[in-house]
Amino acid sequence: MSYNPARILKFIGVLFLTVALTTGCATKRKKGETSKVGLFFHNLNSKYNGYFNADELMKKSLITLEETNKDNYYQLLSVYPYSDPSGAKAISPDMDIAIEKVTTVATLHEPSHWVDDCYVLMGKAQFLKQDYETAEETLEYFQEEFDPGNPFGRAYDKDKGKKSKKDIKKQRENEKKEEKKAKEKERKEKEDQREKEKKEREKAAKDRKKGKKRRGGKKTRKPKTETKVDTATTVIDRKIKTISKRTDKDSDKKEEKKEKVAKKITRYPKGDAGLLGHPPSYYEGVLWLSKTYMEREKYAYAEYLLNKLENEYPSSKEVTRAIPAAKAHLSIKQQKYNEAIPHLEEAIDRDKNKKHKARYAFILAQIHHMQGQNSQALAAYERVKEFKPSYEMEFNTTLNLTILKNEVNGGSSESFANKIEGLLKEAKYDQFQEQIYYALGEIKFKNGDTPGAITAFEQSIAASSGNKVQQTETYYKLASLLYQSGDYVQAKTNYDNTLGVMDKKDERVPEVTKYANSLTDIAANIQLITLQDSLMGIALMNEDDRLALAKTLWEEQKNNPDSEINAKKEPNNRKFEGIKRAGMRGTSSFFAYNTAAKIKGQQSFNRKWGDRKLEDNWRRSDKFSTADLDNETEGEDNKEAEEEEELSDAMINRIFKDVPFEMNEQIKSNKTVKKALFELGVDFRDAIQNYDESVKTHGSLETRFPKSKYELDAFYYQYLSYTDLRNNPKALEYKNKIIQGYPESNYAKILKDPNYAKEMMSAEKKLQDYYNETYVMFENQQYPAVNERVAQSTSLYGKDNALSPKFSLIGAMATGSLEGKEAYISALREVSTRHPNTPEDTRAKEIMRFLKGDSNAFDKALYSEAQELFKLDDNKLHYIIAVVYDSNEAKKRDSKVAISSYNKKYHKLDKLRITDIYLNAQDKTQIILVRKFKNRKEAMQYHDQVLTSRDEYIDESISYDLFAVTQKNYREIIKQKNVTNYALFF
C-alpha cells in the first residue's frame, strides 16, 4: 500500500490546527479576554454548527408558512403571509429545535461574534410561533445588551466618549424616570380619551331619545364615533421630535451625527475578516422587535423604532428595504389606511422579491377599492400582474379587475354576470369554480335576484375544494340569505356548517353562534310539523293514490345508488336515507317521509312515464290484448314481472310503517302538531323577534285546533305580538278573547288590573325565598327540618306550585340521608311519577341509575361534600392528569408513549415530565401525570390544545379523561382513590 506524502502533510496540519484550537479555547481567563485563536474557534463553531443549522430551519419554516398560508381574498390581506395560526402550529416543532440550538451556541460560545445573531434568530422563532410575549422579552433583552450606545452592553465601544460611566448611568436613570412619567401621562391620556368617548356616547343616546320623541318613536341613526387615536407621548416620541427639529435647523449636523454612528459601527466587533466576517445583526433585531410591538398593540414603540431605523441608524440594505412594508403593516393595524398607501408604494419600489411586490400591490388595490378610488385600484391590480403573482392571486386579480371594470364602465348587470360565468368555461380556472360561483351569487344578490343568489352560493358549495376560507364566506352568505327568505330549516343547517369551518378567532363567531342556537328549536318544530302533516296526508289518501305514491317512490329509489335496494348489492348494507329531524324520537328515517323527496319523485316519474293511470302494465304507452302480449320479447316480460314482484305488500307496508292509519295514532299525531305549533310561535317571538311569523303560527294553531290546551297561552302571545307590531285593533281583539273566554286566568287578571302582576310576582318571590331557605337547611344537613318544610310547601303554596318538582327532589334526597338507600330509591321513583318530563325527573332517574349500578354509589351521592375538599387556585403550580380506564396493560403503555411523543413535538422546551401510578388497584385505573405548569392558565392552554388535536394524543380507542389539577387537589384525588368527585368539580 503506497502513501501520498501530500496527504500525510495535510493530515498533520489539520491535526496541529485542531490542537491549537482546542488549546485556544482554554485561553479565556476573564470576560473579554480571549485569545485570537480561541475567538476563531468560538466564531467557527458558532457560525457553522448551531447557528447555521438553526438558520436553515428558519429559512425552511418561512417557506412553509408562505406555502401553507391561506389568504382570505374577501378581506384585506396581511402584509406578512405568516399570521395563520395553523401555520404557526405546523412549524412550532422546528422552531423549538432552532431555539434550542441557538441557546446552546449563546451559552457555550459566549465570546463569539455570532451571539447577537443567535438572540435575533431566537426572537424571530418565538415570533413565528406567535408567542409574541416571549419574543418581546427576548428582543428587548437583545436590544439592551447589544445596543452599541449602551455602556453596559456587550457591543459598547470602549473608546466612545468623554463621559464617565457614572455620568452615563445617571443620565440613563433620568431617562428611565422621564419614561415612567411619560407612561403615566400616556395612561392618563387614554383614560381621558375613554371618558370623552363615554360622554359622547351618553350625549348621542340622549339625542337619539329626543329624536325618537320628536319623530313619533322612530330611531335616529347612531352617530359614528371617531376612530380612537393613539395619543401616547413618551420620552422616545420627544426624542424623535427633537431629532426632527435639529434636522430642520441644521442638516449638516445630522450628516455629521450619522457619520459618527457609522464610525462607531465600523468598530463593532465583526470577527475575523473574510471567512467569518459578518455585519452586525442589531438593526435586524430592532426591526423584528418593532414587528413584535405591532402584534402586542404597542404601536407608539413600534413607530419609534422604525423611525430610528430609517433616520438615525446606518441600517443594512436588507433592513432598509424592509422598513416601508413594516410601516404599511403598522398603519393597517391601526386602520390608518391613507397612511399605508405611500408606504406600500415605497415597499413595491424597494423590495427585490417579486412575490412580495405582487402582495403589496394587491393590498394597495384593495385599499383603493375600499375607499372608492376605483381608477387607482384598477391601476394597482394591473401592477399585480406585472410581478407574476401566485396562481391564486392571479385569479383573484382577474376576478376583481372584471368586477371593478364593470363598476367603472357601468355595464348592464346581465352582461356582467355573463362575463363572470364566462370564467367558468376557461379550463385554467377550473380549480377556482367555487370562487366564481360565489362572485356570481354576490352579483345576483346586488341585483335583487335572491333565489338566483341562493342557487349560485349552493353551486359554490357543491364545487368546493376544501378551502375553509372560501367555505366560511359561502356558508355564511347562504345562511344569511336563507334566514332573510324565511327558510329557517336550511338557514339553521348552513349556520351550523359555517361554525364548522369558521376560524374561532373570526369576529363573526358570536353572531353565527347566536343564530345557530336561536334556530335550533325553530328548525326542529318546522320539520316535525312538516313530517306529521305529510304522514297524515298519506293516511287520508284513497287506496289507489297511496299505491301510486308507493310505486313512484319505489321507482325513484331503484334508480338511486344510495337506496337500500342498491345497497343490498354492496358488501356494506347501508340503511335507507331520509329526513333526519332534530328532537324527535321513534320515527322512521325512510325516504317516503321526506316531502321534498316525494315531490321530486313524482316529477321524475311524470317526466319519464307521463301521467299514467294506476293499472296493470302501467309502464306501457299502448295497451295490447292478452294475445298481443306474445309479441313482446321474453326478456322484457321477465324484467317487468321481476319489477312487479319486487314491490310486494310487505314492502308497501314498510314504506308506510309510520303513517297513522289508526284513530289513536292520528290523535297522537295531532297532539304532536299542536305542541309543535305552539312552541314554534313562541320561538318566533322570543328567540328571533319575528312577530309576524309568531302571530301567523299561533293563528294556524287557533284555526286548525280550536279550543286546544294551548289556546289561552297562544292568545296571550298573539296579544303581545300584535302590540309590538302596533296593530292595536288585533291586540284589543285578543285581549277581549282572554278576558271573556278565560276570566279567571292570571292573564285576564293581569290585563284587567296591572297591579295584579306585581302581587303575583310578590307571591312568586315568597315561594322562591321559602325554597332557598329549605335548600340552605339541606346543605347544613338539617334533614328532618327539610322534610317538614317540604310537606308544608303544599299547604302554603298549593300542591302544583311552580317549585313543586324541586321540593319533591330535595325531599327525596333528605329522605335518603335519613332512611337509607331503599327509601331513597323509592322517594326518587315518586319524584319521577309525580313530575314527568321535568329536569327533576331526569335528575331523579340519573341518581337511581347511579345507585342501582354501583354498590358504593350511595355513599358517593350522600357525601357529595367530598367535592368541597377541592379548591381553585389559579396562581399555584398545576399538573395535567390523563386518567386511563382501559385495563389492557399494552394500551396503557401506548398511552404514555403517545403523551411523551406529543410533548416532544409541541412542548419540547417546556421540560415536561411524565409519571404514572395506579389510581385504583381494583379496577386498574391509571393516572398519567404531566408536570409541571406555572399556573392554571398554562395548564388549561395545554388541556385545550389537546382537545383540538386529540388525534395526535392518546389513541381514540382508549377510554380516558383529561384534567388540569393543582398539587393539593391531586393529592386529594389520590386519597379518594377515584376521580368522580373531581370530574364534577372540574
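Everything that follows concerns the structure shown earlier in this document.
The following paragraphs examine the structure supplied in this document. What you see is a predicted model, and the numbers here were worked out from it, not measured in a lab. (Residues numbered from 1 in each chain as written. Predicted model: local features only at pLDDT ≥ 70, side-chain atom pairs only at ≥ 80, totals over all residues. Heavy atoms only, no water.)

## Some words on the side chain of Gln 435
Move 1: Within the secondary structure, Gln 435 sits in helix α17 (residues 433-446).
Move 2: Apart from residues lying up to four places away in sequence, Gln 435 is in contact with Tyr 74, Phe 395, Asn 396, Leu 399 and Gln 470. (Helix = DSSP H or I, 4+ residues; strand = E, 2+ residues; numbered from the N terminus. Contact = heavy atoms within 4.5 Å.)

## Some details on the environment of Asn 736
Move 1: Looking at where Asn 736 falls in the secondary structure, it is placed in helix α30 (residues 728-741).
Move 2: Expressed as a C-alpha distance, the spacing of Asn 736 and Ala 748, which sit twelve residues apart in the sequence, is 8.8 Å.

## So, the packing of helix α4 (residues 115-128) against helix α5 (residues 132-146)
Move 1: Two elements in contact, α4 and α5, have axes separated by 8 Å at closest approach and are oriented at 160 degrees. Judged by the inter-axis angle, α4 sits roughly antiparallel to α5. For α4 against α5, the interelement crossing comes out left-handed. Note on element contacts: α5 touches α4 through Tyr 132, Thr 134, Ala 135, Thr 138, Leu 139, Tyr 141, Phe 142 and Phe 146, opposite Val 115, Asp 116, Tyr 119, Val 120, Met 122, Gly 123, Gln 126 and Phe 127. (Axes fitted to C-alpha atoms, helices over the stretch in contact; angles between N-to-C directions. Parallel < 35°, antiparallel > 145°, perpendicular 65-115°, else oblique. Left-handed = near helix turned anticlockwise from the far one by under 90°.)

## Digging into the nonpolar core
Move 1: Core analysis: the biggest nonpolar cluster contains 76 residues, and Leu 128 and Leu 309 have the highest contact counts within it.
Move 2: Residue contributions to this core peak at nine residues, all from α4.
Move 3: Those residues within four positions of Leu 309 in sequence are excluded, and the remaining contacts are Tyr 283, Val 286, Leu 287, Ser 315, Val 319 and Ile 323.
Move 4: By size, the runner-up hydrophobic cluster in this structure holds 34 residues, among which are Tyr 483, Phe 678, Ala 714 and Tyr 717. (Core = buried A, V, L, I, M, F, W, Y, C linked by side-chain atoms within 4.5 Å. Buried < 20%, exposed > 50% of the residue type's maximum accessible area, 1.4 Å probe, protein only.)

## Some details on α4
Move 1: The end-to-end C-alpha distance of α4 is 20 Å, a good match for the 20 Å that 14 residues give at a rise of 1.5 Å each.
Move 2: Most of α4 sits out of view: 14 of its 14 residues are buried.
Move 3: Phi for Gln 130, located one or two positions after α4, is positive at around 65 degrees. (Expected span 1.5 Å × (residues − 1).)

## A closer look at the packing of helix α15 (residues 391-409) against α17
Move 1: The geometry of α15 relative to α17 is characterised by a closest axis approach of 11 Å and an angle of 20 degrees between their N-to-C directions. The angle between α15 and α17 places the two elements in the roughly parallel class. Relative to α17, the crossing made by α15 is right-handed. Contact with α15, carried on its side by Phe 395, Asn 396 and Leu 399, involves Gln 435, Ile 436 and Ala 439 of α17 and no other residues of that element.

## Thoughts on a positive patch on the surface
Move 1: On the surface, Lys 871, Lys 876, Lys 968 and Arg 971 cluster together to form a positively charged patch.
Move 2: Along the chain, Arg 971 falls in helix α40 (residues 967-976).
Move 3: The exposure class assigned to Arg 971 is exposed, which follows from its relative accessible area of 54%. (Patch = residues over 30% accessible without salt bridge, like charges linked within 9 Å, V, L, I, M, F, W, Y side chains within 5 Å. Areas by Shrake-Rupley, 256 points an atom, 1.4 Å probe, with all protein chains shown as cover. Salt bridge = Lys/Arg side-chain N within 4 Å of Asp/Glu carboxyl O. Lys, Arg positive; Asp, Glu negative; His and termini not counted. Charge placed at Lys NZ, Arg CZ, Asp CG, Glu CD.)

## A word on the packing of aromatic side chains
Move 1: Counted by the stated rule, this structure contains 43 aromatic pairs.
Move 2: Their ring planes at 85 degrees and their centres at 6.1 Å tell us that Tyr 902 and Tyr 942 sit as a pair that is edge-to-face. A residue pair is termed long-range when its members are at least 10 positions apart, and Tyr 902 in helix α38 (residues 889-906) and Tyr 942 in helix α39 (residues 936-948) qualify at 40 residues.
Move 3: In this structure Tyr 902 comes out as buried when scored by relative accessible area, which is 2%.
Move 4: Summarising the aromatic geometry, the rings of Tyr 953 and Tyr 960 are spaced 6.4 Å apart at their centres and angled 45 degrees between planes, so their arrangement reads as tilted. Take Tyr 953 and Tyr 960: they sit in the same class, and that class is buried.
Move 5: Among the aromatic residues, those joined into a ring-pair cluster are Tyr 770, Tyr 771, Tyr 775, Phe 778, Tyr 783, Tyr 797 and Phe 807.
Move 6: Over the aromatic face of Tyr 80 sits the side chain of Lys 291, whose NZ or CZ is 4.4 Å from the ring centroid. (Phe/Tyr/Trp six-rings, centres within 6.5 Å; stacked < 30°, edge-to-face > 60°. Lys NZ or Arg CZ within 6 Å of the ring centre and 35° of its normal.)

Such coordinate-based values are descriptive only and should not be taken to indicate function.
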